[in-house]
Amino acid sequence: MDWLVRMNSAMEYIETNLADTISYEEIAHRACCSTYHFQRMFPFITGVTLSEYIRRRRLTLAAFELQTTGSKVIDVAMKYGYDSPEAFARAFKNLHGIMPISARDTGVSLKAYPRMSFHISIKGDVEMNYRIEQRDSFEMFGVYGIINADQKTAFSEVPLFRIKCDDDGSVDMMNDLLGRFGDTMLHAALYDHTKESFKYMICYHVPKGLEIPERFTKLAIPTLTWAVFPEPQCDMQKLWERIYSEWFPTSEYEQVEGPTFEMYYGMARHGNGSGEIWIPVKKK
């Protein structure tokens, strides 16, 4: 219940400041967690990034205002955080499909994204296994792609990137360096998150003394505490969603800055793989 109160307090802050500066730090403060954790958690719970939710709400209110008042487009643009009428017009058209000046036309169709709130949802009693591990610093190597931060887009882009790494020989070369069969499953690191994108690296631990070719990128991981979630069927998408919507809200932990991992084990060709999700955490 406390989690619901905190999350709705955060949403109330957003709603009352849509025509003003919105502080991500204040949003997270009201939710009683770090800014980093809130931004990682929000899209898995809601299906949309925090910045995209704020953008949609502002453009929804902007459309209402243009329809029901005589406000000038430039004044509405400035009110909802756009530096120029041109930037506002582009964003407005991307969402509503028309230019702002047309919002007052009779019979025009616009989109309205309602205010979001959080409620209790009773679900099936499905257990979630996890463990907490402390690990010293280590190093990974691999190849990465830039993936869209939008959750739905990311879940379609990641498989395409993995296929690309198979087709261009990156996976075979990494397994050859490691002295393993070519179809042995490799891990994945998700890191360098921004509002627009993140890096997704097909990777593996750097063995002691192994010379890594320049075509691969190295990723240094500091000493961290990890929450580890096993997934026997490698259904990572569903597991990610459950971690953020079910485990974090009721646990005593929150996510800290650092890469997250999808650890894959087994042989890809044989379809007998299993996996784990590793998330760096600290106690609240």
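Residues numbered from 1 in each chain as written. Predicted model: local features only at pLDDT ≥ 70, side-chain atom pairs only at ≥ 80, totals over all residues. Heavy atoms only, no water.

Asker: Looking at this model, I keep getting lost on the nonpolar core. Mind explaining?
Answerer: Nonpolar side chains in soluble globular proteins generally cluster together in the buried interior. By size, the foremost hydrophobic cluster in this structure holds 59 residues, and its most contacted members are Ile27, Phe38 and Tyr200. Setting aside residues no more than four positions away along its own chain, Phe38 makes contact with Met7, Ala10, Ile27, Ala28, Ala31, Cys33 and Leu50. (Core = buried A, V, L, I, M, F, W, Y, C linked by side-chain atoms within 4.5 Å. Buried < 20%, exposed > 50% of the residue type's maximum accessible area, 1.4 Å probe, protein only. Contact = heavy atoms within 4.5 Å.)

Asker: Would you mind showing me how to read a negative patch on the surface here?
Answerer: The grouping of Asp166, Asp167, Asp172 and Asp176 at the surface amounts to a negative patch. Looking at the negative patch, the elements that each hand over two or more residues are helix H7 (151-167) and helix H8 (170-177). Position of Asp167 among the secondary structure elements: in helix H7. Accessibility expressed as a relative area gives 65% for Asp167, which makes it exposed. (Patch = residues over 30% accessible without salt bridge, like charges linked within 9 Å, V, L, I, M, F, W, Y side chains within 5 Å. Areas by Shrake-Rupley, 256 points an atom, 1.4 Å probe, with all protein chains shown as cover. Salt bridge = Lys/Arg side-chain N within 4 Å of Asp/Glu carboxyl O. Lys, Arg positive; Asp, Glu negative; His and termini not counted. Charge placed at Lys NZ, Arg CZ, Asp CG, Glu CD. Helix = DSSP H or I, 4+ residues; strand = E, 2+ residues; numbered from the N terminus.)

Asker: Would you mind showing me how to read the packing of aromatic side chains here?
Answerer: For any pair of aromatic rings, geometry is given as the distance between the ring centres together with the angle between the planes. As enumerated under the stated definition, the model contains 21 aromatic pairs in all. With a centroid separation of 5.7 Å and an interplanar angle of 20 degrees, the aromatic rings of Phe44 and Trp240 are classed as stacked. Placement of Phe44 in helix H3 (residues 35-46) and of Trp240 in helix H9 (residues 236-250) is noted, with a sequence separation of 196 residues between them. Each member of the pair Phe44 and Trp240 is classed as buried. Between Tyr130 and Phe229, the aromatic rings sit 6.2 Å apart at their centres with planes inclined by 35 degrees, giving tilted as the arrangement. Residue Tyr130 is located in the loop between helix H6 (85-96) and strand E1 (131-135), and its partner Phe229 is located in strand E6 (residues 224-231); the two are separated by 99 residues in the primary sequence. For Tyr130, a relative accessible area of 44% translates into the label partly exposed. Owing to a relative accessible area of 0%, Phe229 belongs among the buried residues under this scheme. A connected cluster of aromatic rings, assembled from ring pairs, spans Phe44, Tyr130, Phe229, Trp240, Tyr244, Trp247, Phe248 and Tyr253. (Phe/Tyr/Trp six-rings, centres within 6.5 Å; stacked < 30°, edge-to-face > 60°.)

Asker: Teacher, can you tell me more about the pattern of salt bridges here?
Answerer: One side chain can pair with another of opposite charge once the charged atoms of both are near each other. Using the criterion set out here, one finds twelve salt bridges in the structure. The salt bridge involving Arg57 is made with Glu15; its shortest N-O contact spans 2.3 Å. Highlighted residues: Arg57 in helix H4 (residues 50-68) and Glu15 in helix H1 (residues 2-16), separated in sequence by 42 residues. Exposure class is identical for Arg57 and Glu15. Each is buried.

Asker: Please clarify how the pairing of strand E8 (residues 260-265) should be interpreted in this entry.
Answerer: Regular strands have side chains that alternate between both faces of the sheet. Counted residue by residue, E8 has five buried out of six residues, so it is predominantly covered. Relative to E8, strand E3 (residues 187-191) runs antiparallel, the two sharing three bridges. By the bridge assignment for E8, Ala189 is matched with Phe261. Pairing of E8 with strand E9 (residues 274-283), which is carried by five bridges, proceeds in the antiparallel orientation. The residue bridging Met263 from the neighbouring strand is Glu276, located in E9. (Pairing = 2+ DSSP bridges.)

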